[in-house]
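Per-entry structural report
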Amino acid sequence: MLWGALVHAAQVPNFPGEISIGQMRCVLNGFGLRKKFVVDVYYGALYVAEKSSDAPTIIQADKAKGIVMHFVYKEVEASKLVETWKEGFEKTAPNPSAALKSRLETFMGYFTEPVKKGEEIRLLYEPGVGTHVMIKGHEKGVVPGADFMQALWGIFLGDKPASEALKKGMLGQS
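Residues numbered from 1 in each chain as written. Predicted model: local features only at pLDDT ≥ 70, side-chain atom pairs only at ≥ 80, totals over all residues. Heavy atoms only, no water.

1. Description of helix 4 (residues 98-109)
End to end, helix 4 covers 16 Å across 12 residues, agreeing with the expected 16 Å (1.5 Å per residue, within 8%). Listing the buried residues of helix 4 in full gives L100, R103, L104, F107 and M108. Buried residues along helix 4 cover an arc of 140 degrees about the axis, so they all sit on one side. In this structure, the buried side of helix 4 is in contact with helix 3 (78-92), strand 7 (120-126), strand 8 (130-135), strand 9 (138-143) and helix 5 (146-157). (Helix = DSSP H or I, 4+ residues; strand = E, 2+ residues; numbered from the N terminus. Expected span 1.5 Å × (residues − 1). Buried < 20%, exposed > 50% of the residue type's maximum accessible area, 1.4 Å probe, protein only. Arc of directions from axis to C-beta. Contact = heavy atoms within 4.5 Å.)

See the structure below:
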């Protein structure tokens, strides 16, 4: 029993206390584990300009913020990532405008290869620029618009999050 706890604890990534997004410094707000059934998939960390446990305020704020997803599962196929994003966007933007729908599709189009254990996805929102999408250390593109950012952040922090435990961790409540 103890060995299992030690192995599990060893997988927790060492998230930095702050990151830079454009010219802004954002602090680690909190992090949590995303599980799918009984499988540990990734740890997600939330970075914000000012610490907060108020999810709606974080989602709506047109301020620099970031999410770092550090994968601990052996491999997540690109098709599974896209399927998960689609499910999330159906909850956070059920009736998107044509322009937003196009940007959602652009975003999902960045996920063309599997993400393996130890690799990261970074979603970094820079006001006035958009959401930088970095996969395995490479920027795939920037998706403009605060409306897109709000739909994306809603997947993690909204009323129907992908994972309640992950949301609580990111909000510093666990």
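This is not the end of the story, as more comes after the structure.
2. A short note on the pattern of salt bridges
Under the definition given, this model contains 8 salt bridges. One salt bridge in this structure joins R25 and E18, with 2.5 Å as the shortest N-O distance. Note on E18: relative accessible area 38%, which makes it partly exposed. K140 is paired through a salt bridge with E113; the nearest N and O atoms lie 3.7 Å apart. One end of the pair, K140, is in strand 9; the other, E113, is in the loop between helix 4 and strand 6 (115-116), and 27 residues separate them in sequence. Ionic contacts of the salt-bridge type, sharing partners, join the residues E113, E119, K136 and K140 into one network. (Salt bridge = Lys/Arg side-chain N within 4 Å of Asp/Glu carboxyl O.)

3. Some thoughts on unusual backbone geometry
Positive phi, close to 60 degrees, is recorded for F37, a residue that is not glycine. Structurally, F37 can be placed in the loop between strand 2 (24-36) and strand 3 (39-48). Here the phi dihedral of K136 falls at roughly 55 degrees; this positive angle occurs in a residue that is not glycine. Tracing the backbone shows K136 in the loop between strand 8 and strand 9.

4. Focus on the side chain of N29
Following the sequence through the fold, N29 ends up in strand 2. For N29, a relative accessible area of 8% corresponds to the buried category. For N29, the side chain forms a polar contact with the main-chain oxygen of S52, separated by 2.8 Å. (Polar contact = N/O pair within 3.5 Å; in protein donor to acceptor, adjacent residues only side chain to side chain.)

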